[in-house]
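Each chain, written out:
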Amino acid sequence: MEQTLVAEAKDAPQAGDLAFERLYRSSRDDVYAYAAGLLRDAPAAEEVTAAAFERAYRKRNRFDPERGEPRAWLFGIARNAALDELRRRGRQAELTAEPADFETFGAAEGAEHSERRLAVSAALERLAPRERELIALKFFAGLENREIARVLGIGESNAGTKLHRAMTKLREACDGNA
(Lines give C-alpha, C1' and ligand atoms only; values in the text may rest on other atoms or scores of the structure.)
Protein backbone atom coordinates (compact mmCIF):
# COMPACT_ATOMS: atom_id res chain seq x y z
CA MET A 1 0.00 0.00 0.00
CA GLU A 2 2.77 2.41 0.94
CA GLN A 3 4.59 1.76 -2.34
CA THR A 4 1.41 2.62 -4.26
CA LEU A 5 1.13 5.99 -2.49
CA VAL A 6 4.77 6.75 -3.22
CA ALA A 7 4.29 5.84 -6.87
CA GLU A 8 1.10 7.92 -7.02
CA ALA A 9 2.83 10.85 -5.34
CA LYS A 10 5.70 10.56 -7.82
CA ASP A 11 3.24 10.68 -10.74
CA ALA A 12 1.13 13.46 -9.20
CA PRO A 13 1.04 16.73 -11.14
CA GLN A 14 3.29 19.56 -10.02
CA ALA A 15 1.80 22.74 -8.53
CA GLY A 16 2.56 24.63 -11.75
CA ASP A 17 0.67 22.03 -13.78
CA LEU A 18 -2.35 22.36 -11.49
CA ALA A 19 -2.26 26.14 -11.82
CA PHE A 20 -2.07 25.78 -15.59
CA GLU A 21 -5.01 23.37 -15.56
CA ARG A 22 -7.06 25.91 -13.57
CA LEU A 23 -6.08 28.64 -16.04
CA TYR A 24 -7.07 26.37 -18.92
CA ARG A 25 -10.45 25.49 -17.42
CA SER A 26 -11.28 29.09 -16.53
CA SER A 27 -10.09 30.59 -19.82
CA ARG A 28 -10.61 28.12 -22.67
CA ASP A 29 -14.07 29.38 -23.62
CA ASP A 30 -12.95 33.00 -23.42
CA VAL A 31 -9.85 32.35 -25.55
CA TYR A 32 -12.03 30.61 -28.13
CA ALA A 33 -14.56 33.48 -28.13
CA TYR A 34 -11.74 35.98 -28.56
CA ALA A 35 -10.18 34.02 -31.44
CA ALA A 36 -13.58 33.48 -33.08
CA GLY A 37 -14.33 37.19 -32.77
CA LEU A 38 -11.06 38.09 -34.46
CA LEU A 39 -10.98 35.43 -37.12
CA ARG A 40 -14.71 35.03 -37.79
CA ASP A 41 -14.01 31.38 -38.55
CA ALA A 42 -14.98 28.70 -36.01
CA PRO A 43 -12.58 25.94 -37.15
CA ALA A 44 -9.66 28.39 -37.31
CA ALA A 45 -10.61 29.70 -33.85
CA GLU A 46 -10.45 26.15 -32.50
CA GLU A 47 -6.99 25.70 -34.01
CA VAL A 48 -5.78 29.03 -32.66
CA THR A 49 -7.16 28.21 -29.20
CA ALA A 50 -5.35 24.87 -29.20
CA ALA A 51 -2.13 26.50 -30.45
CA ALA A 52 -2.34 29.22 -27.80
CA PHE A 53 -2.73 26.73 -24.96
CA GLU A 54 0.02 24.53 -26.37
CA ARG A 55 2.39 27.52 -26.53
CA ALA A 56 1.36 28.65 -23.05
CA TYR A 57 1.91 25.16 -21.64
CA ARG A 58 5.39 24.99 -23.13
CA LYS A 59 6.20 28.46 -21.73
CA ARG A 60 4.42 28.04 -18.36
CA ASN A 61 7.69 27.97 -16.40
CA ARG A 62 8.66 31.35 -17.88
CA PHE A 63 5.52 33.13 -16.62
CA ASP A 64 6.45 35.93 -14.22
CA PRO A 65 3.58 36.92 -11.87
CA GLU A 66 5.31 40.23 -11.17
CA ARG A 67 4.78 41.23 -14.81
CA GLY A 68 1.02 40.66 -14.82
CA GLU A 69 -1.92 38.33 -14.43
CA PRO A 70 -1.92 34.82 -15.92
CA ARG A 71 -5.00 35.59 -18.07
CA ALA A 72 -3.35 38.64 -19.63
CA TRP A 73 -0.23 36.56 -20.34
CA LEU A 74 -2.40 33.86 -21.90
CA PHE A 75 -4.34 36.32 -24.05
CA GLY A 76 -1.08 37.82 -25.28
CA ILE A 77 -0.12 34.36 -26.48
CA ALA A 78 -3.60 33.85 -27.99
CA ARG A 79 -3.33 37.20 -29.78
CA ASN A 80 0.00 36.18 -31.30
CA ALA A 81 -1.46 32.82 -32.38
CA ALA A 82 -4.42 34.59 -34.02
CA LEU A 83 -2.11 37.05 -35.80
CA ASP A 84 0.01 34.10 -36.96
CA GLU A 85 -3.15 32.53 -38.42
CA LEU A 86 -4.06 35.77 -40.19
CA ARG A 87 -0.56 36.01 -41.64
CA ARG A 88 -0.68 32.35 -42.64
CA ARG A 89 -3.82 33.08 -44.62
CA GLY A 90 -2.00 35.85 -46.40
CA ARG A 91 -4.06 38.60 -44.86
CA GLN A 92 -2.62 41.90 -43.76
CA ALA A 93 -4.36 41.70 -40.37
CA GLU A 94 -7.62 42.18 -42.27
CA LEU A 95 -10.57 40.70 -40.43
CA THR A 96 -13.34 39.00 -42.35
CA ALA A 97 -16.94 40.13 -42.36
CA GLU A 98 -19.09 37.35 -40.97
CA PRO A 99 -18.61 33.90 -39.46
CA ALA A 100 -19.60 31.10 -41.81
CA ASP A 101 -21.79 29.49 -39.16
CA PHE A 102 -23.47 32.26 -37.17
CA GLU A 103 -25.14 29.73 -34.85
CA THR A 104 -21.70 28.90 -33.42
CA PHE A 105 -21.72 32.22 -31.59
CA GLY A 106 -25.01 31.75 -29.76
CA ALA A 107 -28.48 30.44 -30.34
CA ALA A 108 -31.11 32.86 -31.63
CA GLU A 109 -33.53 34.09 -28.99
CA GLY A 110 -36.09 35.55 -31.33
CA ALA A 111 -36.29 37.99 -34.21
CA GLU A 112 -35.47 41.10 -32.14
CA HIS A 113 -32.34 39.50 -30.69
CA SER A 114 -31.29 38.32 -34.14
CA GLU A 115 -31.80 41.78 -35.65
CA ARG A 116 -29.79 43.36 -32.86
CA ARG A 117 -27.00 40.84 -33.32
CA LEU A 118 -26.90 41.51 -37.06
CA ALA A 119 -26.85 45.28 -36.44
CA VAL A 120 -23.92 44.92 -34.02
CA SER A 121 -22.11 42.63 -36.44
CA ALA A 122 -22.55 45.14 -39.27
CA ALA A 123 -21.44 47.97 -36.97
CA LEU A 124 -18.32 46.01 -35.97
CA GLU A 125 -17.39 45.78 -39.63
CA ARG A 126 -17.26 49.57 -39.81
CA LEU A 127 -14.59 49.68 -37.12
CA ALA A 128 -10.87 49.49 -37.76
CA PRO A 129 -9.29 46.09 -37.03
CA ARG A 130 -7.55 47.44 -33.88
CA GLU A 131 -10.91 48.74 -32.55
CA ARG A 132 -12.56 45.35 -33.21
CA GLU A 133 -9.71 43.69 -31.37
CA LEU A 134 -10.22 45.92 -28.33
CA ILE A 135 -13.93 45.04 -28.28
CA ALA A 136 -13.13 41.34 -28.72
CA LEU A 137 -10.71 41.43 -25.78
CA LYS A 138 -13.22 43.25 -23.59
CA PHE A 139 -16.47 41.53 -24.46
CA PHE A 140 -15.60 38.19 -26.09
CA ALA A 141 -12.67 37.41 -23.81
CA GLY A 142 -13.99 39.27 -20.76
CA LEU A 143 -10.68 40.94 -19.92
CA GLU A 144 -10.38 43.96 -17.68
CA ASN A 145 -8.73 47.14 -18.99
CA ARG A 146 -5.45 46.40 -17.19
CA GLU A 147 -5.36 42.94 -18.80
CA ILE A 148 -6.13 44.42 -22.22
CA ALA A 149 -3.30 46.90 -21.70
CA ARG A 150 -0.93 44.05 -20.89
CA VAL A 151 -1.99 42.05 -23.97
CA LEU A 152 -1.57 45.02 -26.30
CA GLY A 153 1.54 46.41 -24.63
CA ILE A 154 0.00 49.81 -23.86
CA GLY A 155 -0.81 51.70 -20.68
CA GLU A 156 -4.01 50.94 -18.78
CA SER A 157 -5.41 54.45 -19.19
CA ASN A 158 -4.55 54.31 -22.90
CA ALA A 159 -6.40 50.99 -23.20
CA GLY A 160 -9.42 52.49 -21.43
CA THR A 161 -9.41 55.55 -23.69
CA LYS A 162 -9.07 53.49 -26.87
CA LEU A 163 -11.82 51.13 -25.72
CA HIS A 164 -14.12 54.04 -24.90
CA ARG A 165 -13.55 55.52 -28.35
CA ALA A 166 -14.16 52.17 -30.03
CA MET A 167 -17.38 51.69 -28.07
CA THR A 168 -18.53 55.19 -29.00
CA LYS A 169 -17.90 54.41 -32.68
CA LEU A 170 -19.70 51.08 -32.30
CA ARG A 171 -22.74 52.76 -30.72
CA GLU A 172 -22.82 55.38 -33.47
CA ALA A 173 -22.55 52.68 -36.14
CA CYS A 174 -25.36 50.70 -34.45
CA ASP A 175 -27.54 53.82 -34.33
CA GLY A 176 -26.86 54.27 -38.04
CA ASN A 177 -28.18 50.73 -38.66
CA ALA A 178 -31.44 51.37 -36.81
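Treat the numbers as computed from the prediction; the structure is a model and nothing was measured.

1. Considering the overall build of the protein chain
Secondary structure assignment for the protein chain yields eight helices and zero strands. Ordered by position in the sequence, the α and β elements of the protein chain form the string α-α-α-α-α-α-α-α. Taken over 178 residues, the protein chain has a buried fraction of 35%. Across the protein chain, contacts joining residues at least 24 apart in sequence account for 65% of those joining residues at least 6 apart. A total accessible area of about 10700 Å² is found for the protein chain, and carbon and sulfur atoms account for 50% of it.

2. Description of the nonpolar core
Formed by 44 residues in total, the largest nonpolar core has its most connected members in Tyr34, Phe75, Ile135, Leu137 and Ile148. With sequence-adjacent residues up to four places away left out, Leu137 is seen in contact with Tyr34, Phe75, Gly142, Leu143, Ile148, Val151 and Leu152.

3. Describing the confidence of the model for the protein chain
Averaged over the protein chain, the pLDDT score is 78; the fraction of residues at 70 or greater is 77%. The spread of mean pLDDT over the elements of the protein chain runs between helix H1 (residues 2-11), the lowest at 35, and helix H3 (residues 42-58), the highest at 94. Segment residues 1-13 is flagged for pLDDT under 50; beyond a separation of four residues in sequence, or across chains, it makes one contact in the model. With pLDDT under 50 throughout, residues 91-108 is counted as low confidence; its partners more than four residues away or in other chains account for 34 contacts.

4. Re the layout of surface pockets
Looking at the second largest pocket, its volume works out to about 280 Å³. Taken together, 13 residues line the second largest pocket, and the ones lying closest to its centre are Trp73, Gly76, Ile77, Asn80 and Arg150. When contributions to the lining of the second largest pocket are tallied by element, the ones reaching two or more residues are helix H4 (70-88) and helix H7 (145-152). Considering every element that reaches the lining of the second largest pocket, the biggest residue donor is H4, with five residues. Looking at side-chain class alone, the lining of the second largest pocket contains five nonpolar, two polar and six charged residues.

5. A few points about the pattern of salt bridges
A complete count under the given rule lists 10 salt bridges for this structure. Here Arg55 makes a salt bridge to Asp84, at a shortest N to O gap of 2.9 Å. Of the two residues, Arg55 sits in helix H3 while Asp84 sits in helix H4, which places them 29 residues apart along the sequence. Judged by relative accessible area, Asp84 falls into the partly exposed class, the value being 31%. The salt bridge involving Arg88 is made with Glu85; its shortest N-O contact spans 2.8 Å. On the criterion of helical spacing, the pair formed by Arg88 and Glu85 is a turn pair, its members being three residues apart in helix H4. A relative accessible area of 8% means that Glu85 is categorised as buried. One continuous salt-bridge network, built from bridges that share partners, spans Arg55, Asp84 and Arg87.

What counts as what
Residue numbers here run from 1 along each chain, matching the order of that chain's written sequence. For a predicted model such as this one, the threshold for reporting local features is a pLDDT of at least 70, and the threshold for listing and counting side-chain atom pairs is 80 or more; totals across whole chains, interfaces and linings nevertheless cover every residue. Based on all heavy atoms of the structure, the side-chain values leave hydrogens and waters out of the count. Secondary structure is summarised from DSSP: a helix means a run of H or I of at least four residues, a strand means a run of E of at least two, and numbering begins at the N terminus for each. Summary of the burial criterion: residues with accessible area below 20% of their type's maximum are buried, those above 50% are exposed, and those between are partly exposed, where the area comes from a 1.4 Å probe applied to protein chains only. Any two residues having at least one pair of non-hydrogen atoms within 4.5 Å are treated as being in contact. Exposure was quantified through the Shrake-Rupley algorithm and a 1.4 Å probe, taking into account, for residues, occlusion by the shown protein chains and nothing else. Residues belong to a common nonpolar core when they are buried Ala, Val, Leu, Ile, Met, Phe, Trp, Tyr or Cys residues joined through side-chain atoms within 4.5 Å. Confidence of the predictor at the level of single residues is captured by pLDDT, which takes values from 0 to 100. Only protein atoms enter the calculation, which uses a 1 Å grid: trapped sets of points that fit a 1.4 Å probe without letting it out are cavities, open sets showing protein on both sides within 12 Å along at least five of seven lines are pockets, and any residue with an atom within 4 Å of a point is a lining residue. Grid points are joined across faces, edges and corners, and a volume is the space filled by probe spheres set on the points. Three classes are used: nonpolar for Ala, Val, Leu, Ile, Met, Phe, Trp, Tyr, Cys and Pro, charged for Asp, Glu, Lys and Arg, and polar for all others, with Gly counted as polar. A pairing counts as a salt bridge when a side-chain nitrogen of Lys or Arg comes within 4 Å of a carboxyl oxygen of Asp or Glu.

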